[in-house]
Amino acid sequence: NNIFRVRQPFRFVEPCQTQTIKIFLKSETKPEKNRHFFAFYHKTCTAEDVKKQPRQIWKSDAKPDGIIRLLAVFKDCSTV
């Protein structure tokens with residue numbers, strides 16, 4: 001949380017669909033290469049779950065069905 005900010009941190013995604021996740025770098029300096037990754041926790045929801053807000057599903061005792069980890073790659077956009 002000190003380096004990155006994620007918008008929207010919780011959301012529902014229908015099967016076979018995609019969603020855009022915005023990740024903002026909060027740090028003034030570019031983080032060290034190949035040392036950071038983003039972990040996406042996911043779980044299958046029921047029709048009743050979808051009627052709730054996503055944050056209600058991810059309570060502190062919630063267990064994910066899986067985790068997808070993606071390596072963070074940083075580019076210097078000021079030279080583009």
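Computed from a predicted model, the values in this text were never measured in an experiment.

> Explain the overall build of the chain to me, using residue names and the numbers behind them.
Scanning the chain from terminus to terminus reveals 2 helices and 4 strands. Each helix and strand of the chain, placed in order from N terminus to C terminus, yields the pattern β-β-β-α-α-β. A compact globule built from 80 residues should have a C-alpha radius of gyration of about 12 Å, whereas the chain, at 15 Å, is more than 25% larger. Along the longest, intermediate and shortest principal axes, the C-alpha atoms of the chain span 50 × 25 × 20 Å. Scored against the burial criterion, the 80 residues of the chain give a buried share of 11%. A sequence separation of at least 24 residues applies to 56% of the contacts in the chain between residues at least 6 apart.

> Report on unusual backbone geometry, specifying residues and quantitative values.
Look at the link from Arg7 to Gln8: it is a cis peptide, with omega at -25 degrees. Summarising the element assignment, Gln8 is placed in the loop between β1 (4-7) and β2 (22-25). The phi dihedral of Cys16 falls on the positive side, at around 65 degrees, and the residue is not glycine. Examined against the element boundaries, Cys16 turns out to sit in the loop between β1 and β2. On the basis of relative accessibility, which here comes to 88%, the residue Cys16 falls in the exposed class.

> An account of the side chain of Asp49 is needed here, citing residue identities and associated values.
In this structure, Asp49 sits in helix α1 (residues 47-50). Nearest to the buried, unbridged Asp49 among oppositely charged side chains is Lys52, at 4.1 Å. Polar side-chain contacts of Asp49 include one of 3.0 Å to the backbone nitrogen of Thr46. The contact partners of Asp49, leaving out residues within four places of it in the chain, are Phe12, Thr44 and Ile57.

> Tell me about the packing of aromatic side chains, and name the residues and values.
Both the distance between ring centres and the angle between the ring planes are used here to describe each pair of aromatic rings. Applying the stated criterion across every chain, the model contains 1 aromatic pair. Geometrically, the ring pair formed by Phe4 and Phe38 is edge-to-face, given 5.0 Å between the ring centres and 70 degrees between the ring planes. With Phe4 in strand β1 and Phe38 in strand β3 (residues 37-42), this pair connects stretches of sequence that are 34 residues apart. Accessibility assignment for this pair places Phe4 and Phe38 in one class, buried. It is Lys43 that lies over the ring of Trp58; its NZ or CZ is 5.8 Å from the centre.

> For the pattern of salt bridges, give the residues involved together with the corresponding values.
Applying the stated rule across the entire model yields 2 salt bridges. Of the charged contacts, one joins Arg35 and Glu32 as a salt bridge, the two residues approaching to 3.4 Å between their closest N and O atoms. Between Lys51 and Glu48 there is a salt bridge, with its nearest N and O atoms 3.1 Å apart.

Each value, and the rule that gives it
- Residues numbered from 1 in each chain as written.
- Predicted model: local features only at pLDDT ≥ 70, side-chain atom pairs only at ≥ 80, totals over all residues.
- Heavy atoms only, no water.
- Helix = DSSP H or I, 4+ residues; strand = E, 2+ residues; numbered from the N terminus.
- Rg over C-alpha atoms; globule rule 2.2 N^0.38 Å.
- Buried < 20%, exposed > 50% of the residue type's maximum accessible area, 1.4 Å probe, protein only.
- Contact = heavy atoms within 4.5 Å.
- Lys, Arg positive; Asp, Glu negative; His and termini not counted.
- Salt bridge = Lys/Arg side-chain N within 4 Å of Asp/Glu carboxyl O.
- Polar contact = N/O pair within 3.5 Å; in protein donor to acceptor, adjacent residues only side chain to side chain.
- Phe/Tyr/Trp six-rings, centres within 6.5 Å; stacked < 30°, edge-to-face > 60°.
- Lys NZ or Arg CZ within 6 Å of the ring centre and 35° of its normal.

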